[in-house]
Number of protein chains: 2
Amino acid sequence: MNSQDVILGLLLNRPRSGYEIKSAFEAPLAYFFDASFGTIYPTLAKLEKLGYIEKENVVQDNRPNKNVYSITDSGRERFMAYMNSPLDVETYRSDFMVRLFFGEHQSREKLIEWIRRGIEQAKREVSKLREERKRWDAGMSPSQRICADLGVELNESKIRVLEEGLRQFEEQLQ
Amino acid sequence: MNSQDVILGLLLNRPRSGYEIKSAFEAPLAYFFDASFGTIYPTLAKLEKLGYIEKENVVQDNRPNKNVYSITDSGRERFMAYMNSPLDVETYRSDFMVRLFFGEHQSREKLIEWIRRGIEQAKREVSKLREERKRWDAGMSPSQRICADLGVELNESKIRVLEEGLRQFEEQLQ
DNA sequence: CAACCCATGTAAATCGTTACATGATTTG
DNA sequence: CAAATCATGTAACGATTTACATGGGTTG
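One structure accompanies this document, and this report is about it. In this text, all values refer to a predicted model and were calculated from it rather than measured experimentally. (Residues numbered from 1 in each chain as written. Chains lettered and ligands numbered in written order. Predicted model: local features only at pLDDT ≥ 70, side-chain atom pairs only at ≥ 80, totals over all residues. Heavy atoms only, no water.)

**Quick notes on the overall build of chain A**
Looking only at helices and strands, chain A features seven helices and four strands. Start at the N end of chain A and walk to the C end: the helices and strands fall as α-β-α-α-β-β-α-β-α-α-α. Relative to a compact globule of 174 residues, whose C-alpha radius of gyration would be 16 Å, chain A shows 21 Å and is clearly more extended. The C-alpha extent of chain A, read off along each of the three principal axes, is 65 × 40 × 30 Å. Classification of the 174 residues of chain A by burial places 47% in the buried group. (Helix = DSSP H or I, 4+ residues; strand = E, 2+ residues; numbered from the N terminus. Rg over C-alpha atoms; globule rule 2.2 N^0.38 Å. Buried < 20%, exposed > 50% of the residue type's maximum accessible area, 1.4 Å probe, protein only.)

**Observations concerning helix 1 (residues 3-13) of chain A**
Helix 1 of chain A sits mainly inside the fold: ten of its eleven residues count as buried. Two or three places before Q4 of chain A, at the start of helix 1 of chain A, stands the capping residue N2 of chain A, its side-chain oxygen 3.1 Å from that residue's backbone nitrogen. (Polar contact = N/O pair within 3.5 Å; in protein donor to acceptor, adjacent residues only side chain to side chain.)

**Digging into the interface of chain B and chain A**
Contacts between chain B and chain A engage 59 residues on the former and 59 residues on the latter. Of the roughly 6000 Å² buried between chain B and chain A on both sides combined, carbon and sulfur atoms contribute 65%. When the area that chain B buries against chain A is broken down by residue, the three leading residues are Y92, R93 and F101 of chain B, summing to 13%. Counting across the interface, chain B meets chain A through four salt bridges. For K158 of chain A, the salt bridge identified is with E90 of chain B, shortest N-O distance 3.0 Å. Inspection of the region where chain B meets chain A yields 33 residue pairs in polar contact (both at pLDDT 80 or more). (Contact = heavy atoms within 4.5 Å. Buried area = accessible area lost by both parts, 1.4 Å probe. Salt bridge = Lys/Arg side-chain N within 4 Å of Asp/Glu carboxyl O.)

**Overview of empty space enclosed by the protein**
Any empty space left between atoms is shown by rolling a water-sized probe over those atoms. Tallied over the entire structure, the rule returns three cavities of 30 Å³ or more. Put simply, the largest cavity is a space of about 120 Å³. Lining of the largest cavity is provided by Y31, Y92, L154, N155 and K158 of chain A together with Y31, E90, Y92, L154, N155 and K158 of chain B. Elements with a contribution of two residues or more to the lining of the largest cavity: helix 7 (142-173) of chain A together with helix 7 (142-173) of chain B. Partitioning the lining of the largest cavity into residue classes produces six nonpolar, two polar and three charged. Size it by volume and the second largest cavity reaches roughly 70 Å³. As for the second largest cavity, its lining consists of A27, P28, Y31, L129, E132, R133, W136, M140, C147, A148 and G151 of chain A. Elements represented by at least two residues in the lining of the second largest cavity include exactly helix 6 (108-136) and helix 7 of chain A. (1 Å grid on protein atoms, 1.4 Å probe; cavity = no way out; pocket = protein on both sides within 12 Å on 5 of 7 lines; lining within 4 Å. Points joined across faces, edges and corners; volume = space filled by probe spheres on them. Nonpolar A, V, L, I, M, F, W, Y, C, P; charged D, E, K, R; others polar.)

**Brief notes about the sheet that holds strand 1 (residues 16-17) of chain A**
Residues and elements named next belong to chain A. Strand order across the open sheet formed by three strands is 1-3-2, with antiparallel pairing between neighbours. In the strand order of this sheet, the two ends are held by strand 1 and strand 2 (53-58), each with one partner. Pairing of strand 2 with strand 3 (residues 66-71), which is carried by six bridges, proceeds in the antiparallel orientation. Within strand 3, the position partnered with N57 by the bridge is N67. Across the sheet, helix 1 lies against strand 1, strand 2 and strand 3, angled at about 90° from strand 3, the strand it touches most. (Pairing = 2+ DSSP bridges. Axes fitted to C-alpha atoms, helices over the stretch in contact; angles between N-to-C directions.)

**Some thoughts on the nonpolar core**
Within the largest apolar cluster, 102 residues are counted, with the highest numbers of intra-cluster contacts made by F25, V98 and L100 of chain A together with F25, V98 and L100 of chain B. For F25 of chain A, the contacting residues outside a window of four places in its chain are V6, L10, A30, F33, D34, A35 and I40 of chain A. (Core = buried A, V, L, I, M, F, W, Y, C linked by side-chain atoms within 4.5 Å.)

**Side note on the protein's contact with DNA strand D**
Neighbouring DNA strand D are 22 residues; N62 of chain A together with Y41, Q60, N67 and R93 of chain B lie closest to it. Of all atoms in DNA strand D that approach within 4 Å of the protein, 72% are sugar or phosphate atoms. At 3.0 Å, a side-chain N or O of S3 of chain A approaches a phosphate oxygen of DNA strand D. If you tally residues by element for the surface near DNA strand D, the top one is helix 3 (residues 37-49) of chain B, at four residues. (Near = heavy atom within 4 Å.)

**Let's talk about the sheet that holds strand 3 (residues 66-71) of chain B**
All names here are of chain B. Across the sheet, three strands lie side by side as 1-3-2; this open sheet has antiparallel pairing. Of all the strands in the sheet, the pair left with one neighbour each is strand 1 (16-17) and strand 2 (53-58). The pairing of strand 1 with strand 3 spans two bridges and is classified as antiparallel. By the bridge assignment, S17 is partnered in strand 3 with V68.

**Describing the packing of helix 1 (residues 3-13) of chain B against helix 4 (residues 73-83) of chain B**
All names here are of chain B. It is at 9 Å that the axes of helix 1 and helix 4 come closest, and there the two elements cross at 120°. Considering the angle they form, helix 1 stands oblique to helix 4. Crossing of helix 1 over helix 4 shows left-handed handedness. Across from Q4, D5, L8, G9 and L12 in helix 1, the residues of helix 4 making contact are G75, R76, R78, F79 and Y82. Considering only residue class, the contact of helix 1 with helix 4 consists of four nonpolar, three polar and three charged. (Parallel < 35°, antiparallel > 145°, perpendicular 65-115°, else oblique. Left-handed = near helix turned anticlockwise from the far one by under 90°.)

Rendered as structure tokens:
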């Protein structure tokens, strides 16, 4: 899976501009894949060159003009080939957890501080995801609802584990 | 955070060869960061050139010789600078979840099949992590235990959410 | 009028994966 | 004797981030 596959998937629903694709990377999709403008625009150019999408320039009155891309039959085929290809292995990359892993090389106070911040951060994330989940709920497919739920659940797991860890660190301080 | 930081962290405990570093990427660390030989060896060469680590060639009888690297004072400083630098944002990249997100473009049967496999996969992962957690438990620091617990918990969350999703899909089939 | 949103792109640099290349030793 | 483990590296390629560059329109 790469940005090509995901962008084709987004264009399968409806034509979009690069800017609109960027804003489609919100929860719940953003939780599992994200791309910046520096990826999106070159990828659109490449997909067009490959014949998977077509560009149409749309003139707007009150806003800058935009290039709206739609998926072609060839693009649909390519997307379906991706959907049936072998799954990539999942990766969860966490600087925060790596630092915890190396926590022996920090003071207990600092570790406690880190964990507290991690908990706060995860709580903010849960609020954000729940809010977005409510906001998009009507338009979500059943499988998208699973994605949204997982985003929330993963963060809640994290909160539970960190709170339990924090409790143990604090006990040892007394 | 990048492979340089993580490798320095591993060398902080004890000197290791590239091959030994690779095998240090097991649970729970591997769950949050991983590196291949193609990353490890060039990174070691770079770290040595930068003066963060030192190479010693160790001759072995029954095995091929190896290059064992130890961290220098400069390397320790560099690692501590990393530990106190701003946190990178976490990324959870999941091909599986992205395909679920685009699930509208698949048959319900296929989706059910996918979700079942996802559940099985997560269960295998839980077994593996629990086993490794038991195996390393004695030698783990308190914060490493948090890492190990989180690996298990995240997978269990995933199993719960997928099982609930599966239930809903199956209901609709009847 | 400042800040923010809309809108598109490029270029350099970094980072990492995969495959290739090699070879000794041990274990079943 | 085959397979697995130990051991080190390179090279090509692909992917992505970050910063740069530009500029119109809207909103408070």
